[in-house]
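# Report on the structure
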Amino acid sequence: MCKVQRLDQFHVCFDLSKFAQYEIDKWLEFAFARQVQRLELDLSIGGEEPRDYDDCYTFPEHLLDLTDNVYQSHLNKFPPPWYNFKSVKVLLFKSVNVTGEVLEFFLHNCPFLEEMVVRGSGTLVNFEVVGPSLKLKHLEIWYCFDLKSLQIYDTNFVTLRTQQETNYCFVMFQC
């Protein structure tokens, strides 16, 4: 029922699992169609405890046109959602499975993205942050225990926060 053209923030903080995939996908379509600036999906248990990876909601790659099967049924109902990512400034994903490809899409298609937080993703394996033109100032990655490679090249970070684990390699280069 909301008719606004632009959302300052869209915040979901609720104990939701992969069984709410369809509903959460719809909420994301709504937020991106309204040029959301701050998107927070906190689906952890009680707002604190990370969810088991197998029960986590998975960010839908079809919203970003990263899959071969574009979400054709929605193209006539909404403006194409990938046209509206430019307004995103903050992304926070807690107990949400995201891939490096999804995060890299946001980095390269959200020119105003300044902050990215990922906590408790079981599908984040490789992630590359590249480019001095990125506005990204703050990056946090926590409880992503399958992360094997985090590569950062020529960025303008102010803060980088992550836990030091032995099961992934952290590489930082200055170009």
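Residues numbered from 1 in each chain as written. Predicted model: local features only at pLDDT ≥ 70, side-chain atom pairs only at ≥ 80, totals over all residues. Heavy atoms only, no water.

As recorded in an unreviewed UniProt entry, the chain goes by At1g61320/AtMIF1 LRR domain-containing protein and comes from Anisodus tanguticus.

### Looking at the overall build of the chain
Just so we agree on the cut-off: Note on conventions: DSSP H or I runs of at least 4 residues are helices, E runs of at least 2 residues are strands, and numbering of each starts at the N terminus. Only protein chains enter the accessibility calculation, which uses a 1.4 Å probe. A residue is then buried if its area is under 20% of the maximum for its type, exposed if over 50%, and partly exposed in between. Working definition of accessibility: Shrake-Rupley area with a 1.4 Å probe, residue cover restricted to the visible protein chains.
Regarding its fold elements, the chain presents 2 helices and 11 strands. The proportion of buried residues among the 175 residues of the chain is 46%. Per element, the accessible surface of the chain, about 9300 Å² overall, is 52% carbon and sulfur.

### Looking at the pattern of salt bridges
Let me state the cut-off plainly: For this document, the term salt bridge refers to a Lys or Arg side-chain nitrogen within 4 Å of an Asp or Glu carboxyl oxygen.
Under the criterion given, the structure shown has 6 salt bridges. D15 is the salt-bridge partner of R51, the closest N and O atoms lying 2.2 Å from each other. One end of the pair, R51, is in the loop between β2 (38-42) and β3 (57-58); the other, D15, is in the loop between β1 (9-13) and α1 (21-33), with 36 residues separating them in the sequence. Across the pair E140 and R119 runs a salt bridge whose closest N-O atoms are separated by 2.7 Å.

### Some remarks on the confidence of the model for the chain
Here is the rule: One number per residue, pLDDT, summarises how confident the predictor is, and it ranges from 0 to 100. The contact criterion used is simple: two residues touch if any of their non-hydrogen atoms lie within 4.5 Å.
On average, the chain scores 83 in pLDDT, and the residues at 70 or more come to 82%. Overall, residues 69-79 carries pLDDT values under 50, and its contacts beyond four positions in sequence, including any with other chains, amount to 12 contacts.

### Here we look at α1
For the record, the criterion: Helix span is expected to be 1.5 Å times the residue number reduced by one.
Taking 1.5 Å per residue as the helical rise, α1 with its 13 residues ought to reach 18 Å, and the 18 Å between its terminal C-alpha atoms agrees with that figure. Restricting attention to buried positions, one finds in α1 the residues I24, D25, L28, E29, A31, F32 and A33. For α1, the secondary structure elements touched by its buried residues are β1, β2, β3 and α2 (100-109). Looking one or two residues beyond α1, the residue adopting positive phi is Q35, at roughly 50 degrees.

### A short note on the sheet that holds β2
What holds strands together in a sheet is hydrogen bonding between their backbones, with the strands either parallel or antiparallel. Let me state the cut-off plainly: The criterion for strand pairing is that DSSP finds at least two bridges linking the strands in question. Fitted lines through C-alpha atoms serve as axes, helices being fitted only where they are in contact, and the angles separating the N-to-C directions of these axes extend from 0 to 180 degrees.
In spatial order, the strands read β1-β2-β4-β6-β8-β10; together these 6 strands make up an open sheet with parallel pairing. What marks the edges here is a single partner per strand, and that holds for β1 and β10 (159-162). Averaged over all pairs of adjacent strands, the angle between strand axes in this sheet comes to 5 degrees, irrespective of strand direction. One ladder, built from 5 bridges, connects β1 with β2; its direction is parallel. Residue Q9 lies in a different strand from β2, and its bridge partner there is R38. Sheet contacts for α2: β4 (90-94) and β6 (115-119); angle to β6, the most-contacted strand, approximately 170 degrees.

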